[in-house]
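Read off the chains here:
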Amino acid sequence: AGPGSYTVGTMSERFDCHYCRDPLQGKKYVQKEGRHCCVKCFDKICANTCTECKKPIGADSKELHFKNRYWHDSCFRCFKCYTSLVNEPFMLRENNKVWCSNCTAAEDAPRCKGCFKPIIAGDQNVEYKKMVWHKDCFTCSQCKQVPPEILVAAAGGMVGEAVVPVHYRIWAGPITSGGLTYQEQPWHSECFICSNCKKQLGGKRFTAVEDQFYCVECYKECVAKKCAGCKNPITGFGRGTSVVNYEDESWHDYCFKCTKCARGLANKRFVCHNGKIYCAECPKRL
């Protein structure tokens, strides 16, 4: 099948259309598989269907074909950028969509962990632990500087292995010197600091709140909610990591207890009376 399997011309002999039996002499006709038919019957019965627009490819249309699939020449364009692919290299991908070579290369390229855009052949890049960045995207998450000593081996457009100096190296254990990573982003150790007291947080416990980092002491003092029972900060560290929230107040789970009998009420029924918390039984005794 395909464009070469039929011919279009003007009939000089006495033939009738194979389908509708109308005379073809002196008229435009199509010959396919040894049968002569009028243009109208060809378009209705014999024409191939365009893979892209799903409409018949008429005798008067230019037809392109590849692997038993057919297109109008105007429909044969890149699925991604809509560039015409007539006389251009292309790739047939999933769902019978054709892609130009540039879009195919960009789609199949690895994605930068920093900007999430494709890393194409020729781009300088940094690869570390099966993750890859554009060279200019491999920056400290705080100061946004690019480590100047990074060397990249990128031969023939292939992703290279980064040679990272000790100062910027990402360590697997507790950080005592050099660089570090948090949520797969590299940091200078001197940039990964508490937003309040500015102390370095490498190798220490900290809490992240809306892209801000706090050491344990500053989180307790500046950020953490205060328990409505004991008035101490609720940090989520150590004893009482579970929190009870009711209306606009919060309690450590061990502080959420009946005002009268001191019975613990976390995950139990309770009654609020005159701003105080009681178990289900004590209000009856008031």
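Residues numbered from 1 in each chain as written. Predicted model: local features only at pLDDT ≥ 70, side-chain atom pairs only at ≥ 80, totals over all residues. Heavy atoms only, no water.

Looking at an unreviewed UniProt entry, one finds the chain named FHL1 protein, with Aegithalos caudatus as its source organism.

Draft legend 1. Here's a closer look at the overall build of the chain. Per the secondary structure count, the chain includes three helices and 19 strands. Relative to its 286 residues, the chain shows a buried fraction of 33%. Total accessible area on the chain is roughly 18,300 Å²; 48% of this is exposed by carbon and sulfur atoms. (Helix = DSSP H or I, 4+ residues; strand = E, 2+ residues; numbered from the N terminus. Buried < 20%, exposed > 50% of the residue type's maximum accessible area, 1.4 Å probe, protein only. Areas by Shrake-Rupley, 256 points an atom, 1.4 Å probe, with all protein chains shown as cover.)

Draft legend 2. Structural detail: the pairing of strand β17 (residues 249-252). Pairing geometry for strand β16 (residues 243-246) and β17, over four bridges, is antiparallel. Across the sheet, the residue bridging to Val-243 is His-252, located in β17. Connecting β16 to the antiparallel partner β17 that follows it, the hairpin turn spans two residues, and Glu-247 within it adopts a positive phi of roughly 55 degrees. (Pairing = 2+ DSSP bridges.)

Draft legend 3. Region of the structure containing the environment of Gly-264. Relative to the helices and strands, Gly-264 resides in the loop between β17 and β18 (270-273). Owing to a relative accessible area of 40%, Gly-264 belongs among the partly exposed residues under this scheme. A C-alpha to C-alpha distance of 8.1 Å links Gly-264 and Asp-253, two positions 11 residues apart in sequence. If sequence neighbours within four positions are ignored, Gly-264 has contacts with Phe-256 and Lys-257. (Contact = heavy atoms within 4.5 Å.)

Draft legend 4. Region of the structure containing unusual backbone geometry. Even without a glycine there, the phi angle at Lys-54 is positive, about 65 degrees. Checked against the element boundaries, Lys-54 lands in the loop between α1 (39-46) and β4 (63-66). Even without being a glycine, Tyr-82 presents a positive backbone phi close to 65 degrees. Note on placement: Tyr-82 falls in the loop between β5 (69-72) and β6 (90-92). The exposure class assigned to Tyr-82 is exposed, which follows from its relative accessible area of 56%.

Draft legend 5. Broad picture of α1. Regarding α1, the residues found buried are Val-39, Cys-41, Phe-42 and Cys-46. Around the axis of α1, the buried residues are gathered within 155 degrees of arc, so they sit on the same side. Turned more than 90 degrees from where α1 packs its buried face, Lys-40 and Lys-44 sit exposed. (Arc of directions from axis to C-beta.)

Draft legend 6. Representation of the pattern of salt bridges in the model. Applying the stated criterion across every chain, the model contains one salt bridge. Notably, a salt bridge pairs Glu-52 with Lys-97, separated by 3.7 Å at the nearest N-O pair. With Glu-52 in the loop between α1 and β4 and Lys-97 in the loop between β6 and β7 (98-100), the pair connects residues that are 45 residues apart, well separated along the chain. Overall, the relative accessible area of 32% leaves Glu-52 in the partly exposed class. (Salt bridge = Lys/Arg side-chain N within 4 Å of Asp/Glu carboxyl O.)

Draft legend 7. Inspection of helix α3 (residues 216-223) at higher detail. Of the residues making up α3, those classed as buried are Val-216, Cys-218 and Tyr-219. Buried residues of α3 fall within an arc of 160 degrees about the axis and therefore sit on the same side. Exposed side chains of α3 directed beyond 90 degrees from the buried face belong to Glu-217 and Glu-221.

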